[in-house]
Amino acid sequence: MEHVFMLRILQQHSVHSKFAGPFTMESAINVLVSQFKAYAGKDGSLHTLSKDEFQSLVVTQLPNLVKNATDPAVIDHLMGSLDENNDGELTFAEFWQLIGKLASRHAGYSQ
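Now for a quick tour of the structure. (Residues numbered from 1 in each chain as written. Predicted model: local features only at pLDDT ≥ 70, side-chain atom pairs only at ≥ 80, totals over all residues. Heavy atoms only, no water.)

1. Notes on the packing of helix α2 (residues 25-40) against helix α3 (residues 51-61)
This is how it is decided: Only C-alpha atoms enter the line fits that serve as axes; for helices the fit covers just the stretch in contact. Angles between N-to-C directions range over 0 to 180 degrees. Secondary structure elements are defined from DSSP: runs of H or I of at least 4 residues count as helices, runs of E of at least 2 residues count as strands, and each element is numbered from the N terminus. The labels follow the angle: roughly parallel below 35 degrees, roughly antiparallel above 145, roughly perpendicular from 65 to 115, and oblique for the rest. It is the rotation of the near helix from the far one that decides the hand of a crossing: anticlockwise by less than a right angle makes it left-handed, clockwise makes it right-handed. Note on contacts: a residue pair is in contact if any heavy atoms of the two residues lie within 4.5 Å. Under the grouping applied here, Gly and all other residues not named as nonpolar or charged are polar, the nonpolar ones being Ala, Val, Leu, Ile, Met, Phe, Trp, Tyr, Cys and Pro and the charged ones Asp, Glu, Lys and Arg.
It is at 9 Å that the axes of α2 and α3 come closest, and there the two elements cross at 135°. As summarised for this structure, α2 and α3 are arranged oblique, according to the angle between their axes. The two elements α2 and α3 meet at a crossing, and its hand is right-handed. Packed against α2, whose contacting residues are Gln35, Phe36, Tyr39 and Ala40, the element α3 presents Glu53, Ser56, Leu57, Thr60 and Gln61 at the interface. The class makeup of the residues in the contact of α2 with α3 is four nonpolar, four polar and one charged.

Below, the structure written as structure tokens:
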């Protein structure tokens, strides 16, 4: 499922990107970084995701991997589990934890 998600994102992204080409781990990272940046700048800081930006990203980019993402309580819980410094925003490093958890769960490496 996650492979399908990444392939779909890469296909959409590659049409308009200098990263077009064969599917590689580097291109997958480029997509993750560019998507984070696209959502991060909407409410203020270009370097962090606010709660609204995070929810928008999760709802639109991870609809099959994060259940009930439109529920504010789900987003509060998820964001709280990732926000290490409790500043109410997610840095890329904090967001990356979610990607790792989703990938691990998808691959069967975690419960």
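2. Here we look at unusual backbone geometry
Of note, Asn68 is a non-glycine position whose phi angle comes to about 60°, a positive value. Along the polypeptide, Asn68 turns up in the loop between α3 and α4 (72-82). Although it is not a glycine, Asn86 adopts a positive phi angle of roughly 55°.

3. What about helix α5 (residues 92-107)?
This is how the line gets drawn: Residue count minus one, scaled by 1.5 Å, sets the expected span of a helix.
For α5, spanning 16 residues, the distance from its first C-alpha to its last is 22 Å, which sits close to the expected 22 Å at 1.5 Å a residue. Directly beyond the C-terminal end of α5, a positive phi value near 85° is found at Gly108.

4. Considering the packing of aromatic side chains
Using the following cut-off: Only centres within 6.5 Å qualify two rings of Phe, Tyr or Trp (six-membered ring in Trp) as a pair; their planes then separate them into stacked at under 30 degrees, edge-to-face at over 60, and tilted for everything else. Each residue gets one of three labels from its accessible area relative to the maximum for its type: buried under 20%, exposed over 50%, partly exposed in between, using a 1.4 Å probe on protein chains only. Over a ring means this: the NZ of a Lys or the CZ of an Arg is within 6 Å of the ring centre and within 35 degrees of the ring normal.
Taken as a whole and judged by the stated rule, the model has four aromatic pairs. On the basis of an interplanar angle of 50° and a centroid distance of 6.1 Å, the ring pair of Phe92 and Phe95 is categorised as tilted. Here Phe95 and Phe92 lie together in helix α5, a separation of three residues that amounts to about one turn. Exposure remark for Phe92: the relative accessible area of 26% places this residue in the partly exposed category. Members of the aromatic cluster, connected to one another through ring pairs, are Phe36, Phe92, Phe95 and Trp96. One cation-aromatic arrangement involves Lys42 over Tyr39; the distance from NZ or CZ to the ring centre is 4.3 Å.

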